[in-house]
There are 2 protein chains.
Amino acid sequence: MLLIISGPSGSGKGTVTKKLLPSQGYALSISMTTRQKRPEERNGTDYFFCTPEEFHTVRDADGLLEHATFSGNYYGTPVSYVNQQINEGRTVVLEIDVIGALQVKSKYPEAVLVFLMPPTFRELRHRLECRGTEDEDEIERRFRRAWDEVAMLPKYDYLVINDAIDQAVEDINLIVSAERLKPRRSSGKINHFHDNINGM
Amino acid sequence: MLLIISGPSGSGKGTVTKKLLPSQGYALSISMTTRQKRPEERNGTDYFFCTPEEFHTVRDADGLLEHATFSGNYYGTPVSYVNQQINEGRTVVLEIDVIGALQVKSKYPEAVLVFLMPPTFRELRHRLECRGTEDEDEIERRFRRAWDEVAMLPKYDYLVINDAIDQAVEDINLIVSAERLKPRRSSGKINHFHDNINGM
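These notes cover the structure that comes with them.

Cut-offs applied
- Residues numbered from 1 in each chain as written.
- Chains lettered and ligands numbered in written order.
- Predicted model: local features only at pLDDT ≥ 70, side-chain atom pairs only at ≥ 80, totals over all residues.
- Heavy atoms only, no water.
- Pairing = 2+ DSSP bridges.
- Helix = DSSP H or I, 4+ residues; strand = E, 2+ residues; numbered from the N terminus.
- Axes fitted to C-alpha atoms, helices over the stretch in contact; angles between N-to-C directions.
- Phe/Tyr/Trp six-rings, centres within 6.5 Å; stacked < 30°, edge-to-face > 60°.
- Buried < 20%, exposed > 50% of the residue type's maximum accessible area, 1.4 Å probe, protein only.
- Lys NZ or Arg CZ within 6 Å of the ring centre and 35° of its normal.

**Considering the sheet that holds strand β6 (residues 73-78) of chain B**
Residue and element names in this part refer to chain B.
- Spatially, the 4 strands line up as an open sheet ordered β4-β3-β6-β5, and their pairing is mixed. Of all the strands in the sheet, just β4 (47-49) and β5 (64-70) have a single pairing partner and so form its edges. Neighbour-to-neighbour, the strand axes of the sheet open up by a mean angle of 25°, direction not taken into account.
- Bridging between β5 and β6 involves 5 bridges; their strand directions are antiparallel. Bridged to Ala68 within β6 is Tyr75.

**Notes on the packing of aromatic side chains**
- All told, the structure shown has 16 aromatic pairs over all chains when counted by the stated rule.
- Note on Tyr47(A) and Tyr75(A): the rings are 6.1 Å apart at their centroids and 65° apart in plane angle, and the pair reads as edge-to-face. Here Tyr75(A) lies in strand β6 (residues 73-78) and Tyr47(A) lies in strand β4 (residues 47-49), a separation of 28 residues in the sequence.
- Its relative accessible area of 16% is what places Tyr75(A) among the buried residues.
- When the ring of Phe48(B) is compared with that of Tyr81(B), the centres are 5.5 Å apart and the planes differ by 65°; the resulting orientation is edge-to-face. Of the two residues, Phe48(B) sits in strand β4 while Tyr81(B) sits in helix α3 (residues 79-87), which places them 33 residues apart along the sequence.
- Judged by its relative accessible area of 24%, Phe48(B) is partly exposed.
- Counting every residue linked through ring pairs, the aromatic cluster contains Tyr47(A), Phe49(A), Phe70(A) and Tyr75(A).
- Taking the ring centre of Phe143(A) as reference, the NZ or CZ of Arg125(A) above it sits at 4.9 Å.

This is the structure in structure tokens:
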């Protein structure tokens, strides 16, 4: 299963994803990027580092679930890595902004979209201010964008209110457990029925 | 939310529903019927007892989610009772055969359909034989019908394997909890966002 954790800037996507990952059966999606590798980063763990030509080859072959440009560098989610992890039975977690999440859903309709949001907009603003990584103009921009992002909520599969982080992680685990009971994810169980009847 | 517990004869729908109901927030759907009231039965608890004329009036006004005839008596699920319970915040549980379940889903698309099935067809047959309420011909008929019913599985929202009953009940509780996180069922939470922003 491909699980997308999304929501406005300041909703706590990163923190929730970090808390979720050590649970059994989760694997983080790894992005391709043309950005320079930093000394502490490892290729194939933090990112798949590549040249712009390699990036375009994969993108043009429809090999990316979504892609975007930040500060002149390309970033994208390679579908091959996601599929490989899913085939090995893992739930792949993709933490991504709202625009990217909706791009992925259109290419990968079986993806499970989770919208993360603090209990109030007031709290969202508070979290943006407290982390101190953006200046006032950028905080204002992100806060205003959050309104448009919340309007996308009906396109999501689930809404998780990130008030207490442990409760949010528990809600997401619950969603994954329930999604595993969808008929399309339980063909193994059905074959099991058939094996047994044939063996009668 | 309307929760439909369905599956082949012998799958354990009745037992699972009985175990589920004492949990908080569940209410059993009550059928309308033209069958004679038995002395121990109470109108409005076991059934809504009615005349054939009353039944037809409700049915013709599109007031039944599904209806069927058994031994010359009419049975149907009145939508008014379901809606009343849902408006009071309850999860209405409807235990019904596969044909009825699909009828309800077509009239009430938000209904959550759970398909219940023992781990194997062999076990299904065993359960049908052990309860001793049907003769051999009827057991054979129900067993054969189960094959067609399992083919309807892709139309269901969830598959719950009824191996151990407590696990099946737990799976259903988990499904209900996850369904409550669907955006269409969390408009209250969204208003909460807006109230709070307006109050800033």
